[in-house]
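In case you want the letters, here they are:
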Amino acid sequence: MFARLQSVKDFCKRHKWKVTAAVVTAGGYAAVKLLEWKVQELEEKEEAEHREFARRKILFDGNEAVGNEAVVKMMPEMYKPLDNIVGNVKSMIDELKRMRSAEGSEKESIYRQKWEELKNVVFTEVVVAVYVVSLLVVFIRVQVNILGGTMYANPDKEGTDAKTEYLKQSKFLQKNGIEKLVSEIKPRASAVLAKYKVGETTMSRVKLSQCLNEIKNSFEADSSGKLRTYQEFLFPQQSQAPNASRSSDLDILMFETKDVVDSKPFRDTLAACVNTCLRHVEDDMAMLMMKHAHQEPDPNAEVPLPLVIPKLYRENKAIFSLERGPLKLLLELPELSDLSARVFESFCEEDDLQGA
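Conventions adopted
- Residues numbered from 1 in each chain as written.
- Predicted model: local features only at pLDDT ≥ 70, side-chain atom pairs only at ≥ 80, totals over all residues.
- Heavy atoms only, no water.
- Helix = DSSP H or I, 4+ residues; strand = E, 2+ residues; numbered from the N terminus.
- Buried < 20%, exposed > 50% of the residue type's maximum accessible area, 1.4 Å probe, protein only.
- Contact = heavy atoms within 4.5 Å.
- Areas by Shrake-Rupley, 256 points an atom, 1.4 Å probe, with all protein chains shown as cover.
- Axes fitted to C-alpha atoms, helices over the stretch in contact; angles between N-to-C directions.
- Parallel < 35°, antiparallel > 145°, perpendicular 65-115°, else oblique.
- Left-handed = near helix turned anticlockwise from the far one by under 90°.
- Nonpolar A, V, L, I, M, F, W, Y, C, P; charged D, E, K, R; others polar.
- Phe/Tyr/Trp six-rings, centres within 6.5 Å; stacked < 30°, edge-to-face > 60°.
- Core = buried A, V, L, I, M, F, W, Y, C linked by side-chain atoms within 4.5 Å.
- pLDDT = per-residue confidence, 0-100.
- Salt bridge = Lys/Arg side-chain N within 4 Å of Asp/Glu carboxyl O.
- Expected span 1.5 Å × (residues − 1).
- Arc of directions from axis to C-beta.
- Disulfide = S-S within 2.5 Å.
- Lys, Arg positive; Asp, Glu negative; His and termini not counted.

J.: Give a description of the overall build of the protein chain that names residues and reports values.
T.: Within the protein chain one finds twelve helices and two strands. Listing the helices and strands of the protein chain from first to last along the sequence gives α-α-α-α-α-α-β-α-α-α-β-α-α-α. By residue count, 42% of the 356 residues in the protein chain fall in the buried class. Put simply, 84% of the contacts in the protein chain that link residues at least 6 apart link residues at least 24 apart. Accessible surface, the protein chain: about 19900 Å² in total, of which carbon and sulfur atoms supply 55%.

This is the structure we're talking about:
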């Protein structure tokens, strides 16, 4: 045994440089192979990440398209209940036309009173319309991305009935939400409009902007001065959060959505939509007022308030029009895209809808 080890030792001494070169060569070959394996592993990982990113991107883009289509489809359905709830403006205008030739101080007093009522109704309706369109756009975008994200994280839940019921939730805004918005905005609009008397006031683009923004600011601050939240316009009241072990997928989806609706990113995105809508209304009204006054573009061009009110009523209807309204501008807002991406990515990371 010792003799055999001695012979190996002697061999290594005689061929020291050859043995060293062989070891170095073998080590270098192993290192190259290890490097090649690492590079291949990184390339495969990067390729898998690219595939996963492309899959997410396709799903996200699909969510955006579905959300946009849903908003466009719902727009015509939203105006009619609003007009009915706020007050039938057309019949009020027809009544004023009939009363126009009335004589006598008593009838003139009633005539002025009817104009004041019409003013309050029309301004209320335009502000409510702005919030309805803005809430619908942001809420549906949140819905489709929560649903898309949870389906990505939990593909086995793709066919559940919760999906259909969940998407129907936007219908709450169409009736109950509008009624609630009207009840909140109408008294605030009336208070702001008290200083703009029909027959005594002229209106310019600047004054109209001030008036609409005063109503908006009054609505957005609650009685305690805190910023308003918007759950009450989008969801029926629910006394408590769902218990994950007992609640349905729909309950948990709704609870997650309420969390998003109460968040600052949702409020910021809604504010961007509301401001975009108001600017659109102001721009359109400024053009109509300047045409009536036969003036060059001037934000201070003024016309009598009784001429502004019927034009503003027609603008209310235009807000819900894809061609004449601000919808295209809203759907392209960067704030809306940012919120969509944030919601989608956060729900893609969920391990399970049930939190398991």
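J.: Give me the lowdown on the packing of helix α6 (residues 171-193) against helix α7 (residues 205-220), citing residues and values where you can.
T.: Contact pair α6 / α7: the axes reach a minimum separation of 9 Å and the direction vectors enclose 130°. With respect to α7, the element α6 is oriented oblique. The interaxial crossing formed by α6 with α7 has right-handed handedness. When α6 is examined against α7, the residues L181, E184, I185, R188, A189, V192 and L193 are found in contact with a partner set consisting of C211, E214, I215, S218 and F219. Partitioning the contact of α6 with α7 into residue classes produces eight nonpolar, one polar and three charged.

J.: Give me the lowdown on the side chain of R228, citing residues and values where you can.
T.: Note that R228 resides in the loop between α7 and α8 (249-261). Judged by its relative accessible area of 6%, R228 is buried.

J.: I'd love a proper account of the packing of aromatic side chains, names of residues and values included.
T.: Across all of its chains, the model carries six aromatic pairs by this definition. Arranged with centres 6.2 Å apart and planes meeting at 45°, the rings of Y230 and F233 form a pair that is tilted. Overall, the relative accessible area of 0% leaves F233 in the buried class. An aromatic cluster is present here, built from Y131, F219, Y230 and F233 joined pairwise through their rings.

J.: Can you explain the nonpolar core? Please cite residues and give values.
T.: Grouped together as the largest cluster of nonpolar side chains are 87 residues, with contacts concentrated most on L118, F123, L135, L181, F266 and F320. Of the residues forming this core, the biggest block, 24 residues, is contributed by helix α4 (residues 105-153). Excluding residues within four positions of it along the chain, L118 makes contact with V89, M92, I93, L96 and I309.

J.: Residues and numbers for the confidence of the model for the protein chain, please.
T.: Looking at the protein chain as a whole, its pLDDT mean stands at 80, while 74% of the residues score no less than 70. Element-level mean pLDDT values for the protein chain span from 53 in helix α1 (residues 2-14) up to 94 in helix α11 (residues 327-331). Predicted confidence is poor over residues 351-356, with pLDDT under 50, and the contacts of this stretch with residues over four places away or in other chains come to 16 contacts.

J.: An account of the environment of L288 is needed here, citing residue identities and associated values.
T.: Residue position: L288 is located in helix α9 (residues 264-293). L288 gets classed as partly exposed once you look at its relative accessible area, which sits at 29%. As for L288 and V303, which are separated by 15 residues in sequence, their C-alpha atoms are 9.9 Å apart.

J.: Describe in detail the pattern of salt bridges, supporting the description with residues and values.
T.: Any two side chains of opposite charge can pair if their charged atoms end up close together. This structure, assessed with the given rule, holds 18 salt bridges. Each of K180, E184, R188, R228 and E232 takes part in a single network of salt bridges with overlapping partners.

J.: Quick one: what's the story with α7, residue by residue and with numbers?
T.: Given 3.6 residues per helical turn, the α-helix brings residues three or four places apart onto the same face. End to end, α7 covers 22 Å across 16 residues, agreeing with the expected 22 Å (1.5 Å per residue, within 8%). For α7, the full list of buried residues reads L208, S209, C211, L212, I215, K216, F219 and E220. For α7, the arc enclosing every buried residue in end-on projection is 165°, short of the 170-degree limit, so these residues lie on one face.

J.: Account for the state of the cysteines, with residues named and values stated.
T.: Under the definition given, this model contains zero disulfides. Cysteine C277 remains unbridged, with the sulfur of C273 as its closest cysteine sulfur at 6.8 Å. The exposure class of C277 is buried, given its relative accessible area of 1%.

J.: Describe the environment of L147, naming the residues involved and giving the relevant values.
T.: Looking at the element boundaries, L147 is found in helix α4. Along the backbone, L147 and L253 are 106 residues apart, and their C-alpha atoms lie at a distance of 8.0 Å.

J.: Tell me about helix α10 (residues 305-319), and name the residues and values.
T.: The terminal C-alpha atoms of α10, which comprises 15 residues, lie 21 Å apart, in line with the 21 Å expected from a rise of 1.5 Å per residue. Those residues of α10 lying buried are L305, V308, I309, K311, L312, Y313, E315, N316, A318 and I319.

J.: Please give an account of the side chain of E315 that cites residues and values.
T.: With respect to the element layout, E315 can be found in helix α10. Although E315 lies buried, it forms no salt bridge, and the closest oppositely charged side chain, R324, sits 4.9 Å away as judged by the N-O distance.

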